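Fold and contact review
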Amino acid sequence: MSKKAVIWISVVLYVLITLAIIGIVIAAVKPQIDKSRDKAAIEQTIVLMQNLDEDILRVSETQGTKLQRNIKLSKGTLTFDNNNNEIYWNLESNYQYSEPPKSGYPNEINIGRITAITQERGDKWDVTLTLTYAFNITFDSKETPKTLTQALPKFQLLPRII
């Protein structure tokens, strides 16, 4: 073989070995990146729900007052359940936010008025953050539950005290 052929074969082998090493590193690091992203999404949503709760409680002091607010969800779904007077956010997560329930008893964490529950779902975790109200809440003046995802960034919330 000529010297040029040996050099090109060496270059190709070095490139392939480098790509294999990069692939192995990415495969090892990606789960940690996904966990960090989910943890950040959970923490951002807690802040969002705390701010939303403050606004709802302030608005609920006067019957018939409307609240219009923009929301940006990075992950998960936010549901306004007027049947149970709850607002909850759910995420299928790679990050275990809290200890899962044991022996059928829920392991709830209270963050102010927000209740956080983590349940195991296969190799992932189902994280739910819930706000419960003692008064009726409606979404766009409708008495049906409404679920928001990343595609629906704007909403109007009309709480009513009964």
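Our subject in this report is the structure included herewith.

Glancing now at the nonpolar core. Among the nonpolar cores identified, the biggest contains 26 residues, and Leu78, Ile87 and Trp89 are the most heavily contacted of them. Elements supplying a minimum of two residues to this core: α1 (3-59), β2 (77-81), β3 (86-93), β5 (114-121), β6 (124-132) and β7 (136-139). No other element matches α1, which puts seven residues into this core.

Before going further, it helps to examine the sheet that holds β5. Strand order in the open sheet formed by six strands is β4-β5-β6-β3-β2-β8, and the pairing between neighbours is antiparallel. Among the strands making up the open sheet, the edge pair consists of β4 (109-111) and β8 (146-148). Each adjacent strand pair in this sheet contributes to an overall mean axis angle of 25°, direction not counted.

This part covers the packing of aromatic side chains. Tallied over the full model, the rule gives one aromatic pair. Centre to centre, the rings of tyrosine 133 and phenylalanine 135 are 5.2 Å apart; their planes meet at 45°, and the pair counts as tilted. This pair shows no difference in class: tyrosine 133 is buried, exactly as phenylalanine 135 is.

Here the focus is α1. Helix length check: α1 (57 residues) gives 80 Å between terminal C-alpha atoms against 84 Å at 1.5 Å per residue, within 8%. The largest bend in α1 amounts to roughly 35° and is located at valine 29, with the proline proline 31 lying one to four residues further along.

This part is about the pattern of salt bridges. Evaluated as defined, the whole model comprises five salt bridges. The salt bridge involving arginine 113 is made with aspartate 53; its shortest N-O contact spans 2.9 Å. Of this pair, arginine 113 sits in the loop between β4 and β5 while aspartate 53 sits in helix α1; the two residues are 60 residues apart in sequence, bridging distant segments of the chain. Arginine 58 is the partner of aspartate 55 in a salt bridge, and the nearest nitrogen-oxygen pair spans 2.9 Å. In this pair, aspartate 55 and arginine 58 are both assigned in helix α1, three residues apart and thus about one turn of the helix distant. Look at aspartate 55 and you get buried, because its relative accessible area is 15%.

Calculation rules
Residues numbered from 1 in each chain as written. Predicted model: local features only at pLDDT ≥ 70, side-chain atom pairs only at ≥ 80, totals over all residues. Heavy atoms only, no water. Core = buried A, V, L, I, M, F, W, Y, C linked by side-chain atoms within 4.5 Å. Buried < 20%, exposed > 50% of the residue type's maximum accessible area, 1.4 Å probe, protein only. Helix = DSSP H or I, 4+ residues; strand = E, 2+ residues; numbered from the N terminus. Pairing = 2+ DSSP bridges. Axes fitted to C-alpha atoms, helices over the stretch in contact; angles between N-to-C directions. Phe/Tyr/Trp six-rings, centres within 6.5 Å; stacked < 30°, edge-to-face > 60°. Expected span 1.5 Å × (residues − 1). Bend = angle between axes of the 7 residues up to and from the residue. Salt bridge = Lys/Arg side-chain N within 4 Å of Asp/Glu carboxyl O.

None of this, on its own, says anything about what the molecule does.
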